[in-house]
Amino acid sequence: MLHPSYTDLIDAVNSGVEEGEEPVVQSRYSIVIATARRARQLIGGEDPMIHAPRDKKPLSVAVEELYEQKVKILSEDDSEEEDPEEA
């Protein structure tokens, strides 16, 4: 079994959303895409935002970072407003 579960991850990612706003993540697909992107960043050389042993796989680190809210997932609207130089 996956720990944390998809529903736990979705709840953790959406915990910062104020009442009445649309949740950033609404499906398992969104969680899978976000963790895969973060894992690719870690493989590419970025430092983990959590303390993780060197033998821990990048995908496991990415899941933990999402669960501990160290990584923020931007909605499509937010990413379009982001300055291209910062991306």
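Along each chain, the written sequence defines residue order, and numbers are assigned to residues from 1. Given that this is a predicted model, residues contribute local features only at a pLDDT of at least 70 and side-chain atom pairs are listed and counted only at 80 or more, while totals for whole chains, interfaces and linings are drawn from all residues. Note: side-chain values were computed over all heavy atoms of the structure, leaving out hydrogens and water.

Chemist: Is there a simple way to explain the packing of helix 2 (residues 28-43) against helix 3 (residues 58-67) in this structure?
Modeler: Helices that pack against each other are described as a pair by the angle of their axes relative to one another and the distance between those axes. Axes here refer to lines fitted to C-alpha atoms; in helices the fit is confined to the stretch in contact. Angles between the N-to-C directions go from 0 to 180 degrees. Numbering of helices and strands runs from the N terminus, with a helix taken as a DSSP run of H or I at least four residues long and a strand as a DSSP run of E at least two residues long. Put simply, helix 2 and helix 3 touch, their axes get as near as 8 Å, and they point 120 degrees apart. On the basis of their axis angle, the class for helix 2 and helix 3 is oblique. For the pair helix 2 and helix 3, the sense of crossing is right-handed. Of the residues in helix 3, those in contact with Ile31, Ala34, Thr35, Arg38, Ala39, Leu42 and Ile43 of helix 2 are Pro58, Leu59, Val61, Ala62, Val63, Glu65 and Leu66. Among the residues making up the contact of helix 2 with helix 3, the classes are represented as 11 nonpolar, one polar and two charged. Here roughly perpendicular refers to angles of 65 to 115 degrees, roughly parallel to angles under 35, roughly antiparallel to angles over 145, and oblique to all remaining angles. Handedness of a crossing follows from how the near helix is turned relative to the far one, being left-handed for an anticlockwise turn of less than a right angle and right-handed for a clockwise one. Note on contacts: a residue pair is in contact if any heavy atoms of the two residues lie within 4.5 Å. Think of it as three bins: nonpolar holds Ala, Val, Leu, Ile, Met, Phe, Trp, Tyr, Cys and Pro, charged holds Asp, Glu, Lys and Arg, and polar takes everything else, Gly as well.

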